[in-house]
Amino acid sequence: MTSGGPAPVPMIAIRDVNKYFGGLHVLKDINLEISRGEVAAILGPSGSGKSTLCRTINRLETVDSGLITVDGQPLPAEGAPLARLRAQVGMVFQAFNLFPHKTILDNITLAPMKVHRTPRAEAQRRAMELLERVGVADQAHKHPAQLSGGQQQRVAIARSLAMNPKVMLFDEPTSALDPEMISEVLDVMATLAEDGMTMVVVTHEMGFARRCADRVVFMADGAIVESNTPAEFFEAPKSARAQDFLAKVLDH
């Protein structure tokens, strides 16, 4: 039975997006909707446009044509509106991008205090809750260089969460980590997914995509080739490109 109400607004809507780097067409007519609370894993070979697509969602990369909206609002071009949007869209990169001269606690409280004018005591209380959540509360008064890569990446996730984002973007968050540290970061991300955070995850971690994503978006040569449930994608990929990709990555 269908309800008569309006269809829910997607958390992220990408319509007819094209992007060029000089003469290179890196995003080709991208159309994608991500619902509130959905976890989308973006997979594909290197150079397929995955990271570029992820970076367009908070306008770290501009697009040459098309429209992107977050929670129904078109991405602002610049200035205060863009800063407000970026406060709502958390981003975790390959590199941890923590301020090396600040403690872990200060890294997390800086943006809420500056952007949201959160009082220091409240920002610190929230930061400690988040550090507890990602399993590094005991590192709060250290500097980033004193932490392992896995711990730094978990701090980077906590820092994004401190802004209470509507969406979390992850651009290959485990690719710079030693193998034994990858699972501790993926475990934190899996918990976020269970808690209902809208997430776009560019990743090479097939196990995470299979286990935690609601949808797999497979890209090749700047285009979306397939978008399907993890079960359908991993067990019955439709395109030759996806079949070839999976044969290579799953055999190792």
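Definitions and limits used
- Position numbers for residues start from 1 in each chain and track the written sequence from start to end.
- Local features are withheld for residues below a pLDDT of 70 in this predicted model, meaning they are given only at 70 or higher, and side-chain atom pairs are given and counted only at 80 or more; totals for whole chains, interfaces and linings count all residues.
- Based on all heavy atoms of the structure, the side-chain values leave hydrogens and waters out of the count.
- The cut-offs for exposure are 20% and 50% of the maximum accessible area for each residue type, with area from a 1.4 Å probe on protein chains only; residues under the lower value are buried, those over the upper are exposed, and the others partly exposed.
- Comment: elements are numbered from the N terminus, with helices defined as DSSP H or I runs of at least four residues and strands as E runs of at least two.
- Two strands form a pair only when DSSP identifies at least two bridges running between them.
- Residues scored as charged are limited to Lys and Arg (positive) and Asp and Glu (negative), so that His and the chain ends carry no count.
- Any carboxyl oxygen of Asp or Glu that lies within 4 Å of a side-chain nitrogen of Lys or Arg is treated as forming a salt bridge with it.
- In the analysis that follows, any N or O atom pair within 3.5 Å is treated as a polar contact, provided that within protein one partner can donate a hydrogen and the other can accept it, and provided that, for residues neighboring in sequence, both atoms belong to side chains.
- Note on contacts: a residue pair is in contact if any heavy atoms of the two residues lie within 4.5 Å.
- In this analysis, rings of Phe, Tyr and Trp, with Trp reduced to its six-membered ring, are considered paired at centre separations within 6.5 Å, and the interplanar angle assigns stacked below 30 degrees, edge-to-face beyond 60, and tilted for intermediate values.
- UniProt positions are given in the numbering used here, feature names are shortened, and annotations may be inferred rather than shown by experiment.
- By definition, the arc is the one covered by directions from the helix axis to the C-beta atoms.

Remarks on the pairing of strand E8 (residues 198-202)
If a strand is regular, its side chains alternate between the two faces of the sheet.
Step number 1: In terms of residue burial, E8 counts as a mostly covered element, since five of its five residues are buried.
Step number 2: Covered by surrounding structure in E8 are Thr-198, Val-200 and Val-202 together with Met-199 and Val-201, the residues of both alternating faces.
Step number 3: Two strands pair when backbone bridges link them, and strand E7 (residues 167-171) and E8 are joined in this way by five bridges, in the parallel orientation. Across the sheet, residue Asp-171 finds its bridge partner in E8, namely Val-202.

A word on the side chain of Asp-171
Step number 1: Looking at where Asp-171 falls in the secondary structure, it is placed in strand E7.
Step number 2: Buried charge Asp-171 goes without a salt bridge, the closest partner of opposite sign being Arg-55 at 4.9 Å.
Step number 3: A polar contact of 2.6 Å, which involves the side chain of Asp-171, links it to the side chain of Ser-51.
Step number 4: Once residues lying within four places of it in the same chain are set aside, the contact partners of Asp-171 are Ser-51, Cys-54, Arg-55, Met-91, Val-92, Phe-93, Gln-94 and Val-202.

Quick notes on helix H3 (residues 104-115)
Step number 1: Along H3, the residues classified as buried are Ile-104, Leu-105, Asn-107, Ile-108, Thr-109 and Pro-112.
Step number 2: Where H3 is buried, its residues meet helix H4 (120-133) and helix H5 (149-161).
Step number 3: A positive backbone phi angle near 55° is found at Arg-117, which sits one or two residues after H3.

Quick word on the pairing of strand E10 (residues 223-228)
Step number 1: Pairing between strand E9 (residues 215-220) and E10: five bridges, direction antiparallel. By the bridge assignment for E10, Phe-218 is matched with Glu-226.
Step number 2: In sequence, E9 turns back onto E10 through a hairpin of two residues, with Asp-221 there showing a positive phi of about 50°.

Focus: the sheet that holds strand E5 (residues 73-74)
Step number 1: What the four strands build is an open sheet, ordered E2-E1-E4-E5; its pairing is antiparallel. Where the open sheet ends on each side, the last strands, each with one partner, are strand E2 (24-34) and E5.
Step number 2: The sheet contact formed by strand E1 (residues 12-21) and E2 spans seven bridges and is antiparallel. Of the residues in E2, the one forming a bridge with Tyr-20 is His-25.

Structural notes on the packing of aromatic side chains
Step number 1: What the rule picks out here adds up to three aromatic pairs.
Step number 2: Pairing Phe-218 with Phe-245 gives two aromatic rings, centres 5.2 Å apart and planes at 50°, and the pair type is tilted. Placement of the pair is Phe-218 in strand E9 and Phe-245 in helix H9 (residues 240-250), with a sequence separation of 27 residues.
Step number 3: For Phe-245, a relative accessible area of 9% translates into the label buried.
Step number 4: Seen from their ring centres, Phe-233 and Phe-234 are 5.3 Å apart, and the 80° between their planes marks the pair as edge-to-face. Assigned by exposure class, Phe-233 and Phe-234 land together as buried.
Step number 5: Taken together, the ring pairs connect Phe-218, Phe-233, Phe-234 and Phe-245 into an aromatic cluster.

Overview of the UniProt feature "domain: ABC transporter" (unreviewed entry) in the protein chain
Step number 1: In this numbering, the UniProt entry assigns the feature "domain: ABC transporter" (unreviewed entry) to residues 12-246.
Step number 2: Note that residues 12-246 is 39% helix and 26% strand, and that its end C-alpha atoms are spaced 27 Å apart.

A word on H9
The periodicity of an α-helix, 3.6 residues per turn, causes residues three or four places apart in sequence to face the same way.
Step number 1: Of all the positions in H9, only Ala-242, Phe-245 and Leu-246 are classed as buried. Taken down its axis, H9 places every buried residue within 95° of arc, on the same side.
Step number 2: For H9, the elements touching its buried residues are strand E3 (39-43), helix H7 (206-212), E9, E10 and helix H8 (230-235).

A look at the pattern of salt bridges
Step number 1: Evaluated as defined, the whole model comprises 12 salt bridges.
Step number 2: Note that Arg-15 is salt-bridged to Glu-33, the shortest N-O span being 2.9 Å. Taken as a pair, Arg-15 in strand E1 and Glu-33 in strand E2 lie far apart in primary sequence, 18 residues in all.
Step number 3: By relative accessible area, Arg-15 is classed as partly exposed at 37%.
Step number 4: Residue Glu-33 is classed as partly exposed on the basis of its relative accessible area of 39%.

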